[in-house]
Amino acid sequence: MTDAPTRPRALTGIQPSGTPHIGNLLGAIEPALALQDSHECFFFVASYHALTTQRDPALLRERIFEVAATWLALGLDPERTVLWNQHAVPEVTELAWILGCLTSKSTLDKAHAFKDAVAQGKTEVINAGLYTYPVLMAADILAFDTNVVPVGKDQKQHVEMARDMAQRFNRIYGETLVVPEPSIQERVATVPGIDGRKMSKSYGNHIELWLPPKKLRKRFMAIVTDATPLEAPKDPDTCNVFALYRLFATPEQAADLAARYRAGGLGYGHAKQEVFELVDARLREPRERYLELRAHPERVEAILEAGAERARRVARRTLDRVRTAVGL
Ligand code: AMP
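Residues numbered from 1 in each chain as written. Predicted model: local features only at pLDDT ≥ 70, side-chain atom pairs only at ≥ 80, totals over all residues. Heavy atoms only, no water.

### With respect to the overall build of the chain
Moving on, step 1. The helix and strand tally for the chain stands at 14 helices and five strands.
Moving on, step 2. Projected onto its principal axes, the C-alpha coordinates of the chain cover approximately 75 × 45 × 40 Å.
Moving on, step 3. Residue burial in the chain is summarised as follows: out of 328 residues, 47% are buried.
Moving on, step 4. Residue pairs at least 24 apart in sequence account for 77% of intrachain contacts in the chain once pairs closer than 6 positions are excluded.
Moving on, step 5. Of the roughly 15,800 Å² that the chain leaves accessible, carbon and sulfur atoms contribute 54%. (Helix = DSSP H or I, 4+ residues; strand = E, 2+ residues; numbered from the N terminus. Buried < 20%, exposed > 50% of the residue type's maximum accessible area, 1.4 Å probe, protein only. Contact = heavy atoms within 4.5 Å. Areas by Shrake-Rupley, 256 points an atom, 1.4 Å probe, with all protein chains shown as cover.)

### A few points about the domain arrangement of the chain
Moving on, step 1. In terms of domains, the chain is made up of domain 1 (9–190 + 297–326) and domain 2 (210–288).
Moving on, step 2. Taken over C-alpha atoms, the centre of domain 1 sits 35 Å from the centre of domain 2.
Moving on, step 3. The interface is formed by eight residues belonging to domain 1 together with eight residues belonging to domain 2.
Moving on, step 4. Looking only at domain 1, the three residues that lose the most surface to domain 2 are Ile-22, Leu-26 and Ala-73, adding up to 50% of its buried area.
Moving on, step 5. The interface formed by domain 1 and domain 2 contains one salt bridge.
Moving on, step 6. The salt bridge involving Arg-282 is made with Glu-30; its shortest N-O contact spans 2.9 Å.
Moving on, step 7. The interface formed by domain 1 and domain 2 includes two residue pairs in polar contact (both at pLDDT 80 or more).
Moving on, step 8. Going through the elements one at a time, helix H1 (22–33) and helix H3 (57–73) are the ones with two or more residues in the side of domain 1 that touches domain 2.
Moving on, step 9. The element that contributes the greatest number of residues to the side of domain 1 that touches domain 2 is H1, accounting for four residues.
Moving on, step 10. Its residues assigned to classes, the side of domain 1 that touches domain 2 shows six nonpolar, one polar and one charged. (Domains from an automatic or database assignment. Buried area = accessible area lost by both parts, 1.4 Å probe. Salt bridge = Lys/Arg side-chain N within 4 Å of Asp/Glu carboxyl O. Polar contact = N/O pair within 3.5 Å; in protein donor to acceptor, adjacent residues only side chain to side chain. Nonpolar A, V, L, I, M, F, W, Y, C, P; charged D, E, K, R; others polar.)

### Quick word on the site of the ligand
Moving on, step 1. Lining the immediate surroundings of the ligand are 13 residues, of which Gly-23, Asn-24, Gly-27, Val-191 and Met-199 lie closest.
Moving on, step 2. Within the backbone of Gly-23, one N or O atom sits 3.3 Å away from a nitrogen atom of the ligand.
Moving on, step 3. Asn-24 is positioned such that a nitrogen or oxygen atom in its side chain is 3.1 Å from an oxygen atom of the ligand.
Moving on, step 4. Alone, the ligand offers 480 Å² of accessible surface; in the complex the protein occludes 74% of this.
Moving on, step 5. When the residues that make up the shell around the ligand are grouped by side-chain class, the tally is four nonpolar, six polar and three charged. (Near = heavy atom within 4 Å.)

### Some details on the nonpolar core
In a soluble, globular protein the nonpolar side chains are often hidden away together inside.
Moving on, step 1. Counting 59 residues, the largest nonpolar core has Trp-71, Phe-220 and Tyr-261 as the members making the most contacts within it.
Moving on, step 2. Both of domain 1 (9–190 + 297–326) and domain 2 (210–288) provide at least three residues apiece to this core.
Moving on, step 3. Once residues within four sequence positions are removed from consideration, Tyr-261 is found in contact with Pro-233, Lys-234, Asp-235, Pro-236, Cys-239, Val-241, Phe-242, Leu-266, Tyr-268 and Ala-271.
Moving on, step 4. Counting residues in each nonpolar core, the second largest holds 42 residues, with Val-82, Tyr-133, Val-135 and Phe-169 among its members. (Core = buried A, V, L, I, M, F, W, Y, C linked by side-chain atoms within 4.5 Å.)

### Some remarks on the pairing of strand S3 (residues 82–85)
Moving on, step 1. Burial of S3 is two-sided: the residues Val-82 and Trp-84 facing one way and the residues Leu-83 and Asn-85 facing the other way are all buried.
Moving on, step 2. Of the strand pairs in this sheet, strand S2 (residues 40–45) and S3 are connected by four bridges, and their pairing is parallel. Residue pairing in the sheet places Phe-44 in a bridge with Trp-84 of S3. (Pairing = 2+ DSSP bridges.)

### Notes on the packing of aromatic side chains
Think of a pair of aromatic rings as described by two things: how far the centres are apart, and how the planes are tilted against each other in angle.
Moving on, step 1. Tallied over the entire structure, the rule returns 12 aromatic pairs.
Moving on, step 2. The ring of Tyr-203 has Arg-197 sitting right over it, with the charged end atom 4.1 Å from the ring centre.
Moving on, step 3. Over the aromatic face of Tyr-268 sits the side chain of Lys-234, whose NZ or CZ is 5.4 Å from the ring centroid. (Phe/Tyr/Trp six-rings, centres within 6.5 Å; stacked < 30°, edge-to-face > 60°. Lys NZ or Arg CZ within 6 Å of the ring centre and 35° of its normal.)

What follows is the structure in structure tokens.
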């Protein structure tokens with residue numbers, strides 16, 4: 001791989017904030033992996049971002065491993081795609097300092113993560129790391145000459161801040177940083193949890209990716225449904241089971257199940273079994289690969305180390321340009 005990409009460079013990071021769930025799979029991981037054919041992909045485990053909230057070293061180590069192994073099990077190809085731990089490329093924190101010196105307080109006051117914490121009265125969780133999170137995220141993006149950042153709608157603002165910082169830097173010091181574009185994944189649905197609200201670890205309504213089949217089935221059986229009797233016709237469009245089913249099914253499978261809902265005689269238990277089987281089949285091979293990687297953590301470590309070396313080469317060059325530009 002050269003440092004001058006012929007394909008646009010896409011970068012994304014995933015926080016090691018807990019075992020990945022099927023919302024992360026459909027909303028973030030699969031869309032990012034799909035870019036491997038058209039983009040030069042840089043994917044990292046956002047370990048520094050995790051430090052804004054996590055205080056348990058053993059758990060953090062475990063979660064970092066889990067995220068890396070998840071990417072690999074689901075199809076990240078380390079021959080084509082660079083995968084590394086954020087903390088293995090310290091140039092990013094150096095760039096964050098320099099960008100922070102160009103970022104006004106009023107800009108950071110408007111950032112979602114900070115505003116949400118204030119709105120919820122969670123002042124005890126607001127540390128300088130959380131407050132300056134958009135600066136570190138901008139450094140993550142700009143250190144690697146990123147062209148495209150695939151993000152959910154929730155992260156669009158942070159990418160726009162990174163663009164603003166790059167443009168401001170270039171205005172003051174001359175053309176130095178690549179200005180990235182957000183790529184908003186409009187088509188990616190919000191995956192509902194077992195209670196119908198957005199699937200989220202914080203609601204406890206999530207379905208973890210790597211549960212063994214028996215436990216996975218139990219989670220699907222716990223999907224909340226109404227009390228319509230078995231023989232009565234049912235409305236697929238208001239059913240939490242169907243909402244998950246259609247995200248994994250082919251259009252034909254979804255149409256078929258919808259017709260059986262409307263015809264009556266289909267119990268929710270059967271529908272739950274069907275969605276479980278669909279998801280279980282989709283996860284079977286990745287799960288085997290994941291368990292294999294868990295049994296051989298040294299393979300994951302070796303990939304992360306090789307990725308860090310490649311990533312660091314790119315970041316070092318950017319930082320050399322940046323240092324020269326600012327007069328250091
Ligand atoms: P989180 O760990 O909750 O911050 O999620 C990481 C990323 O996964 C988000 O930025 C989204 O892109 C995606 N994601 C999380 N939950 C969902 C969901 N319920 N539906 C779709 N995408 C999701």
